[in-house]
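# Residue-level structure breakdown
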Amino acid sequence: MARDSLPYVWVESDSAKWVAHCHRGACNVKHASVTQGKVEFICHKTENGATSTQVFLKGTLFFPCEPDRGLVRVHELTPEKAGQLIWVRARIHTSRAKGKQCFLVLRQQQFNVQALVAVGERASKQMVKFAANINKESIVDVEAVVKKVEQTIESCSQQDVELHIERIFVVSQAEPRLPLQLEDCVRPEGEGDEVRMRARALGPRTTTSQAIFRLQSGVCQLFRDTLTNKGFVEIQTPKIISAASEGGANVFTVSYFKTSAYLAQSPQLYKQMCICADFDKVFCVGPVFRAEDSNTHRHLTEFVGLDIELAFNYHYHEVIESITDTMVQIFKGLRDKFQTEIQTVGKQYPSEPFKFLEPTLRLEYSEGVAMLREAGVEMGDEEDLSTPNEKLLGRLVKEKYDTDFYVLDKYPLAVRPFYTMPDPNDKKYSNSYDMFMRGEEILSGAQRIHDAQLLTERAMHHNIDLEKIKSYIDSFRYGAPPHGGGGIGLERVCMLYLGLHNVRQTSMFPRDPKRLTP
């Protein structure tokens, strides 16, 4: 054990409590003895909470340092362990002293358990006082007996047991004044959001945040596993590029030696080049950058993209079916493997269970426009969906088809990127699609143009410098299969699956127009 990570320890005498200082510079700690579970210490008397300068005692103090001692996880504390003497390492979530006893709530990730230190055979008054004075968020090791409880402990995840502590050691002491209290992090949305964003070392410690980001990890794993099982190859693409990926203005420009470069808005061009190189089916997981000055609940300037691209044989709907099946497999995996996390989040942010169909509902854009017009919305045939109209259409689809996930196909060509394949039967439209969860877009995709001449014409139509995308266009001069794909926003998927209302809740370290730290 490193010297800086030594536990705070305490020693008792008949008349007073003595503090053994085990910090660098506070006493002579011998390196050799520390690794053997003991420290040579200098003990000072404490008077009125202050440490006097009088050296009262010198000696050797032994403390637990047993590498073979098993630590039980908090989520494993069940009635089946009743009567067992166990060790647990956790944080002090709350403490409450009452007479000759002290109640603690010990927290470990998204799980917590009630613990009790009471004066008796195994604990003195000094020990109770010591436990009560440990700062919240400190990490402790406790030796305790697992006890069944007669009344359910509603405030803890482990509701049927509590720990009766016999020994307690502070492994890492938190400062008494925290930048925020964990209670602030579990308030309703909108209260203290900015404080939570600034104190990101503390905010994600809450049981809700722990559950959110573990479920998010599950989304990534299910995405990878599903596509790998389908024969896809995972690729890595550059994020510093010579031209704007989407052909638009919402791009970050960076200095690149004696010239300028851009942060990739999408791995789109590189996914396509891999298809041209006969990889057939590829996916990637990585950061995506959007220089959009949008301070909405669903926009970030940097997010995690889950991108898919694949060659198809006869119709681009093969691509849609592959992507929707991947999403359905993710939804099933979350439903079957992450119920604990879903329920934990639901306690703070209640929402309706996420619903989806097999096969996934697919509507054409014109059908969606017709549904909106029937609901009283005035919009043109080639007009893009606004955010309010997206949400309204989501509600209309839910009412009619009872699903939170659907595809809107055949978007107007005018609102899509330059590499989108026009509809061969109607040039106003395109072979492109978006996918929605709870009425909000989570994926934008299309069949890509795989003919170099047509691609050149569309790039010129979008006023893109052809020289900057020359290598991309050249990829299609040597034979390219018909192909398509899409890009998914990880944070949005998690937000909408859990029924949350701000994408920053599902971003560990969110980046938006007003936030560049931590």
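Cut-offs and rules
- Each chain carries its own residue numbering, running from 1 in the written order of its sequence.
- Side-chain atom pairs in this predicted model are given and counted only at pLDDT of 80 or more, local residue features only at pLDDT of at least 70, and totals for whole chains, interfaces and linings cover all residues.
- Values reported for side chains reflect all heavy atoms of the structure, with hydrogen atoms and water molecules removed beforehand.
- Going along the chain from the N terminus, every DSSP run of H or I of four or more residues is numbered as a helix, and every run of E of two or more is numbered as a strand.
- Summary of the burial criterion: residues with accessible area below 20% of their type's maximum are buried, those above 50% are exposed, and those between are partly exposed, where the area comes from a 1.4 Å probe applied to protein chains only.
- Only heavy atoms enter the contact rule, under which two residues are in contact if any of them lie within 4.5 Å.
- To measure how exposed things are, a 1.4 Å probe is used in the Shrake-Rupley method; for residues, cover is taken only from the protein chains shown.
- Any pair of nitrogen or oxygen atoms within 3.5 Å is treated as a polar contact; in protein, a donor-acceptor pairing is required on top of that, and neighbouring residues in sequence qualify only through side-chain atoms on both sides.
- Definition used for salt bridges: Asp or Glu carboxyl oxygen within 4 Å of a side-chain nitrogen of Lys or Arg.
- Ring pairs are drawn from Phe, Tyr and Trp, using the six-membered ring of Trp, whenever the two centres fall within 6.5 Å, and their geometry is named by plane angle: stacked under 30 degrees, edge-to-face over 60, tilted for the rest.
- Think of pLDDT as the predictor's per-residue confidence, scored from 0 to 100.
- Note: two strands are recorded as paired if DSSP finds a minimum of 2 bridges between them.
- Lines fitted to C-alpha atoms define the axes here, with helix axes fitted over just the stretch in contact, and angles between the N-to-C directions of these axes take values from 0 to 180 degrees.
- Think of the arc as the fan of directions from the helix axis to the C-beta atoms.
- Roughly parallel means an angle under 35 degrees; roughly antiparallel, over 145; roughly perpendicular, 65 to 115; everything else is oblique.
- What makes a crossing left-handed is the near helix being turned counterclockwise from the far one by less than a right angle; a clockwise turn instead makes it right-handed.
- For this classification, the nonpolar set comprises Ala, Val, Leu, Ile, Met, Phe, Trp, Tyr, Cys and Pro, the charged set comprises Asp, Glu, Lys and Arg, and every other residue, Gly included, is treated as polar.

### A few points about the overall build of the protein chain
When its secondary structure is counted, the protein chain shows 12 helices and 22 strands. Within the protein chain, the proportion of its 518 residues that are buried is 51%. Taking as baseline every contact in the protein chain between residues at least 6 positions apart, the subset at least 24 positions apart corresponds to 65%. As displayed, the protein chain offers around 25,200 Å² of accessible surface, 48% of which is attributable to carbon and sulfur atoms.

### Side note on the environment of Ser-266
Here Ser-266 shows up in the loop between strand 13 (259-263) and helix 5 (268-276). What makes Ser-266 buried here is its relative accessible area of 8%. Ser-266 sits 29 residues away from Thr-237 along the chain, and the two C-alpha atoms are 9.4 Å apart. Side-chain polar atoms of Ser-266 contact the backbone nitrogen of Gln-268, separated by 2.9 Å.

### As for the pattern of salt bridges
This structure, assessed with the given rule, holds 24 salt bridges. Here Arg-122 and Glu-166 are joined by a salt bridge, their closest N and O atoms 3.1 Å apart. Linking Arg-122 in the loop between strand 7 (111-118) and helix 2 (125-132) with Glu-166 in strand 9 (residues 161-172), this pair joins segments that are 44 residues apart in sequence. Residue Glu-440 is joined to Arg-298 by a salt bridge in which the shortest nitrogen-to-oxygen separation is 3.9 Å. You can see Glu-440 sitting in strand 21 (residues 440-447) and its partner Arg-298 sitting in the loop between strand 14 (281-289) and strand 15 (302-311), a full 142 residues away along the chain. Residue classification places Glu-440 among the buried residues on the basis of a relative accessible area of 7%. Arg-298 sits in the buried class, given a relative accessible area of 9%. Salt bridges linked by common partners bring Lys-271, Asp-307, Glu-309 and Arg-448 together as one network.

### Observations regarding the packing of aromatic side chains
Overall, the coordinates contain 14 aromatic pairs when judged by the stated rule. Consider the rings of Tyr-316 and Tyr-433, whose centres lie 6.4 Å apart with planes at 10°: the pair is stacked. With Tyr-316 in the loop between strand 15 and helix 6 (317-337) and Tyr-433 in strand 20 (residues 432-437), this residue pair connects regions lying 117 residues apart in the sequence. Assessed through its relative accessible area of 2%, Tyr-316 is described here as buried. Judged by relative accessible area, which is 0%, Tyr-433 ranks as buried. For the ring pair Phe-354 and Tyr-497, a centre distance of 5.3 Å and an interplane angle of 40° mean the geometry is tilted.

### A short note on the confidence of the model for the protein chain
Of the residues in the protein chain, 82% reach a pLDDT of 70 or more, and the chain-wide mean stands at 86. Here residues 1-40 is modelled with pLDDT under 50, and outside its nearest four sequence neighbours on either side it reaches 95 contacts, counting other chains as well. Across residues 60-64 the pLDDT falls below 50, and counting only partners more than four positions away or on other chains, this stretch makes 25 contacts in the model.

### A few points about the sheet that holds strand 5 (residues 85-98)
Spatially, the 5 strands close up into a barrel ordered 5-6-7-9-8, and their pairing is mixed. The sheet shows a mean angle of 55° between the axes of neighbouring strands, direction not considered. With 10 bridges connecting them, strand 8 (residues 139-148) and strand 9 associate as antiparallel partners. Bridge assignment links Ile-139 to a residue of strand 9, and that residue is Ser-172. Strand contacts of helix 2: strand 5, strand 6 (101-108), strand 7 and strand 9, with the helix running at about 75° to strand 9, the strand carrying the most contacts.

### Quick notes on helix 7 (residues 339-348)
All buried positions along helix 7 are accounted for by Glu-341, Thr-344, Val-345 and Gln-348. For helix 7, the angular spread of the buried residues around the axis is 95°, confining them to a single face. The elements touched by buried residues of helix 7 are helix 4 (207-229) and helix 6.

### Thoughts on the sheet that holds strand 13
The antiparallel open sheet is built from 3 strands, whose spatial order is 11-13-12. Looking at the sheet topology across the chains shown, the edges are occupied by strand 11 (240-241) and strand 12 (253-256). Looking at chain direction, strand 12 and strand 13 are connected through 4 bridges and run antiparallel. Looking across to strand 13, one finds that Thr-253 is bridged to Tyr-262.

### A look at the packing of helix 4 against helix 6
Remark: helix 4 packs on helix 6, axes separated minimally by 9 Å, with the N-to-C direction vectors making an angle of 135°. Relative to helix 6, the element helix 4 lies oblique. Between helix 4 and helix 6 lies a crossing whose hand is right-handed. Contacts from Leu-215, Gly-218, Val-219, Leu-222, Phe-223, Thr-226 and Leu-227 of helix 4 reach helix 6 at Thr-326, Gln-329, Ile-330, Gly-333, Leu-334 and Lys-337. Here the contact of helix 4 with helix 6 is built from residues that sort into 7 nonpolar, 5 polar and 1 charged.

### A closer look at unusual backbone geometry
Between Glu-358 and Pro-359 the backbone carries a cis peptide bond, its omega angle lying at -5°. For Pro-359, the location among the structural elements is in the loop between helix 7 and strand 16 (361-364). Positive phi outside glycine occurs at Arg-438, with the angle close to 50°. Within the secondary structure, Arg-438 sits in the loop between strand 20 and strand 21.

### Considering the environment of Gln-159
Mapped onto the fold, Gln-159 is located in the loop between strand 8 and strand 9. Remark: the alpha-carbon pair of Gln-159 and Pro-79, spanning 80 residues in sequence, is separated by 9.6 Å. Once residues lying within four places of it in the same chain are set aside, the contact partners of Gln-159 are Val-149, Gln-151, Thr-152, Ile-153 and Glu-154. Within the structure, the side chain of Gln-159 is placed 3.5 Å from the backbone oxygen of Cys-156, a separation counted as a polar contact.

### Quick notes on the environment of Phe-509
Note that Phe-509 resides in the segment after helix 12 (490-497). Residues Phe-509 and Phe-303 lie 206 residues apart in sequence; the distance between their C-alpha atoms is 9.8 Å. What Phe-509 contacts, discounting residues up to four positions off in sequence, is Arg-200 and Pro-518.

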